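# Structural description and commentary
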Amino acid sequence: MHRRDFLKAGAISTVIPAIRTLASIAENGSNITTPFFSTSDVQWQRAYDRALGILAANVQVLPRFPRPVLIEGAEYAGIWQECGPHEALVYRHFRPDVARNSHMIFFALQRPDGQLPANNTRSEAGFGQIQMVVPIAATAWELAQATNDSELLETAYRACTRWDAWLMRYRNTRGTGLIEGFCTYDTGMDNSPRWADLAPQCPGKDARRLPQDSTLPRLSPDLSATVYGARVALSAMADALGKQGEAAQWQERAETLRSLIMQRLYSSEDAAFYDLTAQNEFVRVRSDILMRMCGEHIVDTKTFATIWERQLGSSRAFWAPFPFPSIALDDPTFVRPIPPNSWGGASQALTALRAGRWLDHYDRSAEFAHMMRQWCEALQRDMTFSQQMDPVTGEFTRGGKPDYSPAALVMYDYTWRLAGVREVGRELHWNVRPGHAASRNAVFRLNAGGGTQAEMHYYGKGAKLRLGTLQLGRVEGVARLATDSQGKPLYLQSIDVTPQRIELQLKGLPRQHFTLPPNARESLTANVTTGLQCAPEIGRGWEMPPA
């Protein structure tokens, strides 16, 4: 996407006021069109509505920044760089202003030397660790594309360029080109055996200072992966801004970093990534590092298949009844009994929320569906929306406060991923799942790109689909229909762990039948001969013609 794509139908002067108007409407509490979901399953609806209530209450104004952001909730009265921008991005259809503010707060508090704050809380803006997981550059780029926000694009590009330079100056002290971990909070893995006996924060709350320990600094795979993902995003941003030379440089730097990660921090013997100490020894703790590497797509499909077989998809390691534990079940460092706020084994809501960044990418949508069902059932049984749970029993840990934003976002996001319609880049994904609690007499309604309303209406065997005034047709059986933003069918994908027989009836096309094994994908573009037909203006009680 190039800069001119942000400025269609006018100049930047028309884009930014529109965004600010939308922000002011939301901040003033006026009614704006938000995603709509209803199901006749009372328990699912109750949990979904409670999740939305928690998120609305967690939209707050913090010191040092004048606009509302989405805070972490529970006992975490603030916003953290590792997760806050990503969480607000997931929430953007409800509060686009909050999604924007939850990025801008970090850029506004950036220090003159380029350091971004690790967090902004009621008490302080924190600079005592780098605390990165999901790259803020990546989420800013995705948000800027989705909202045609040129100001956000330019601001994020400048800020994240300076942040990359800061990291290479202060977190590449060994000169390897990889990013170094100094303390526990750098990775946000509180109380993890990965960081056993090391300082939680840098001395004097200064992330440039190395704590006294002979194993430090450590070359950290996930911190390096975050920078890799940021550089990929910066390359795309530069291209959109017409800086093709810089775009090529960012992409080259990203690929160099990815190669370094694979060469130095991956153990093919264990099919795992580890920190490398100052003595060039692996810290052999199998942890959430693996999921974070997949989140930035560090590994290719062949390597992923090995990692899935031996680690992520293994019931002995990470494929627990309630995936994914923060330490492998069979790792000797797994901490039991599970204490509050522990990355020593508990399945964390943050990890569950981040799973959408990689399971579909690596064609594990069927397994992802199983994981989503498990998490949603656990959340509905408990209803406190807490931070973490036992990966074996699904029991949420007591001792912390309820109303944790990531847990609420998992309930919201998983509902739409399981059985609703979603915007994924330039595509619409219609996830049809008849017979599921979330789809029981369900209606999903979403304002997609350009303000066009996408709707799904469920009936016994499937769902009827509509985009604006266009009746797309119907899908029977469990499957994902991918279309472009105009409704043109692209492909059909199986999204269940059992083989599915699917009937597809799209307007202007012959009826088609498919039998797809788990995760299989069938292209539909070759079958589009007559195109889709626009229907007359129709109301919310619209009906497809009988089969």
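This text goes with the structure placed above it.
Residues numbered from 1 in each chain as written. Predicted model: local features only at pLDDT ≥ 70, side-chain atom pairs only at ≥ 80, totals over all residues. Heavy atoms only, no water.

A cis geometry characterises the amide bond from Leu216 onward to Pro217, with omega recorded as -5°. Structurally, Pro217 is set in the loop between strand S7 (180-181) and strand S8 (218-219). The phi angle at Asp363 is positive, at roughly 55°, despite the residue not being glycine. In this structure, Asp363 sits in the loop between helix H12 (349-354) and helix H13 (365-382). (Helix = DSSP H or I, 4+ residues; strand = E, 2+ residues; numbered from the N terminus.)

Moving on, we come to the sheet that holds strand S4 (residues 78-80). Two pairing modes exist for strands in a sheet, parallel and antiparallel, and in both the strands are linked by backbone hydrogen bonds. The strand order S4-S5-S6 describes an open sheet built from three strands, whose pairing is antiparallel. Two strands in the sheet have a free side with no partner beyond their single neighbour: S4 and strand S6 (125-126). Strands S4 and strand S5 (119-121) of the sheet are contacted by helix H5 (residues 96-108), whose axis makes an angle of about 80° with S4. (Pairing = 2+ DSSP bridges. Contact = heavy atoms within 4.5 Å. Axes fitted to C-alpha atoms, helices over the stretch in contact; angles between N-to-C directions.)

Once that is clear, we can look at the packing of H5 against helix H6 (residues 136-147). Axis separation between H5 and H6 bottoms out at 11 Å; the angle between their running directions is 140°. The orientation of H5 with respect to H6, classified from their angle, is oblique. H6 is crossed by H5, and the crossing has left-handed handedness. Packed against H5, whose contacting residues are Ala99, Arg100, His103, Phe106 and Phe107, the element H6 presents Ile136, Thr139, Ala140 and Leu143 at the interface. For the contact of H5 with H6, a count of residues per class yields six nonpolar, two polar and one charged. (Parallel < 35°, antiparallel > 145°, perpendicular 65-115°, else oblique. Left-handed = near helix turned anticlockwise from the far one by under 90°. Nonpolar A, V, L, I, M, F, W, Y, C, P; charged D, E, K, R; others polar.)

Attention now moves to the pattern of salt bridges. One pass over the structure, following the stated rule, counts 37 salt bridges. Salt-bridge contacts for Arg194 lead to Asp222; the nearest nitrogen and oxygen are separated by 2.7 Å. With Arg194 in the loop between S7 and S8 and Asp222 in helix H8 (residues 221-240), this residue pair connects regions lying 28 residues apart in the sequence. Asp222 shares its class with Arg194; the two are buried. The residue Asp288 makes a salt bridge to Arg292 at a minimum N-O spacing of 2.8 Å. With respect to burial, Asp288 and Arg292 carry one shared label: buried. (Salt bridge = Lys/Arg side-chain N within 4 Å of Asp/Glu carboxyl O. Buried < 20%, exposed > 50% of the residue type's maximum accessible area, 1.4 Å probe, protein only.)

All right, on to the packing of aromatic side chains then. Scanning all chains against the criterion turns up 21 aromatic pairs. Seen from their ring centres, Tyr76 and Trp80 are 6.0 Å apart, and the 85° between their planes marks the pair as edge-to-face. Under the relative-accessibility criterion, Tyr76 is labelled buried at 17%. Residue class for Trp80 comes out buried when judged on its relative accessible area of 14%. An aromatic cluster of three or more residues is present, and its members are Phe37, Tyr48, Tyr91, Phe94, Tyr412, Trp416, Phe444 and Tyr458. Above the ring of Phe182, the side-chain terminus of Arg171 is found at 3.8 Å from the ring centroid. (Phe/Tyr/Trp six-rings, centres within 6.5 Å; stacked < 30°, edge-to-face > 60°. Lys NZ or Arg CZ within 6 Å of the ring centre and 35° of its normal.)

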